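Each chain, letter by letter, is given below.
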Amino acid sequence: MLEPKKGLLTFRAEGNDFKSSQDYSRKIHWPGVGSSCGNNASGVTIGRGFDLGKRTKISSLMILQRAQINTEQSELIASGSGMKGCSAYQFVKKNRDKIAEITELQQLTLFYITYSEMEKDVERICKKRDVIKTYHPIPDTSPEIAWKNIPEIIKEVLIDLRYRGDYTPDSRALIQRAAYAGDIREFRKVLSDKSLWLRVPNDRFIRRMNSL
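What counts, and at which threshold
- Residues numbered from 1 in each chain as written.
- Predicted model: local features only at pLDDT ≥ 70, side-chain atom pairs only at ≥ 80, totals over all residues.
- Heavy atoms only, no water.
- Helix = DSSP H or I, 4+ residues; strand = E, 2+ residues; numbered from the N terminus.
- Polar contact = N/O pair within 3.5 Å; in protein donor to acceptor, adjacent residues only side chain to side chain.
- Contact = heavy atoms within 4.5 Å.
- Core = buried A, V, L, I, M, F, W, Y, C linked by side-chain atoms within 4.5 Å.
- Buried < 20%, exposed > 50% of the residue type's maximum accessible area, 1.4 Å probe, protein only.
- Phe/Tyr/Trp six-rings, centres within 6.5 Å; stacked < 30°, edge-to-face > 60°.
- Lys NZ or Arg CZ within 6 Å of the ring centre and 35° of its normal.

### As for the side chain of Gln-73
Inference 1: Residue placement: Gln-73 occurs in helix α3 (residues 71-78).
Inference 2: For Gln-73, the side chain forms a polar contact with the main-chain oxygen of Glu-101, separated by 3.3 Å.
Inference 3: In this view, Gln-73 contacts Ile-99, Ala-100, Glu-101 and Ile-102; residues no more than four positions away in its chain are not counted.

### Brief notes about the environment of Glu-101
Inference 1: Structurally, Glu-101 can be placed in the loop between α4 (85-95) and α5 (104-126).
Inference 2: Along the backbone, Glu-101 and Tyr-24 are 77 residues apart, and their C-alpha atoms lie at a distance of 9.7 Å.
Inference 3: Leave out the neighbours within four places in its chain, and Glu-101 touches Lys-19, Tyr-24, Arg-26, Lys-27 and Gln-73.
Inference 4: Within the local environment of Glu-101, its side chain forms a polar contact with the side chain of Tyr-24, the two groups lying 3.0 Å apart.

### A word on the nonpolar core
Considering soluble globular proteins, one finds that nonpolar side chains tend to be buried as a cluster.
Inference 1: Residues Leu-158, Ile-175, Phe-187 and Leu-191 are the most contacted members of the largest nonpolar core, which totals 34 residues.
Inference 2: Looking at this core, the elements with two or more residues in it are α1 (8-13), α5, α6 (129-135), α7 (143-148), α8 (152-164), α9 (169-181), α10 (184-191) and α11 (202-211).
Inference 3: Sorting elements by how many residues they give to this core places α5 first, with seven residues.
Inference 4: Not counting residues up to four positions away in its chain, the partners in contact with Ile-175 are Leu-158, Leu-161, Tyr-167, Phe-187, Val-190, Leu-191 and Trp-197.
Inference 5: With 21 residues, the next largest nonpolar core counts Cys-37, Phe-50, Ala-88 and Ile-113 among its residues.

### Structural notes on the packing of aromatic side chains
Inference 1: Under the criterion given, the structure shown has six aromatic pairs.
Inference 2: Between Phe-11 and Phe-111, the aromatic rings sit 5.1 Å apart at their centres with planes inclined by 85°, giving edge-to-face as the arrangement. Remark: Phe-111 occurs in helix α5 and Phe-11 occurs in helix α1; sequence separation between them is 100 residues.
Inference 3: For Phe-11, a relative accessible area of 0% translates into the label buried.
Inference 4: For the pair Phe-111 and Tyr-163, a centre-to-centre distance of 5.9 Å together with 35° between the ring planes defines the contact as tilted. Here the residue Phe-111 occupies a position in helix α5, and Tyr-163 occupies one in helix α8, the gap between them amounting to 52 residues. Each member of the pair, Phe-111 together with Tyr-163, is buried.
Inference 5: Taking the ring centre of Phe-11 as reference, the NZ or CZ of Arg-48 above it sits at 4.4 Å.

Below you can see the structure in the form of structure tokens.
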């Protein structure tokens, strides 16, 4: 199986290669359980975490075709854009077998596109003046230095947090100071307190701990 050189934590957490699994990532899937779909805001997903729930059909098509997925297949996948929860679950249930799987290379390309989006957003947040002023040990640090000095392993986890929707103002209050300080031990200590991350699936929680 093709895997990325960057973002491996996220790639491996966002699906699997078992065709019998609902999370088999090279076919459309929905990251949830049908009986509780109303409590899950996830959208129709293809590849390792390309979620169409917050995207328009046009934006989905553009990205799917950038990943070299043919027009007909891209159109079918993009038809699930904007759907979340039960509607996304029903779309996957109805169309999963009808829509052909994507290739390993298409999946990898799609992941790189999505991961790059998340990385840029984490960088944007970490460079915000108000975030630096609130959490950086040296509040007048320039945005460029504040971002540059965060260790790569912490950046990888921050991006994974953003990828899954866990990088919020509340979570930044817990971890951002340690991230800026490059304090991996303190960063891991907070990430390892399960009581602070109750909404995080256990598999993702453990993967983050192991990566640190």
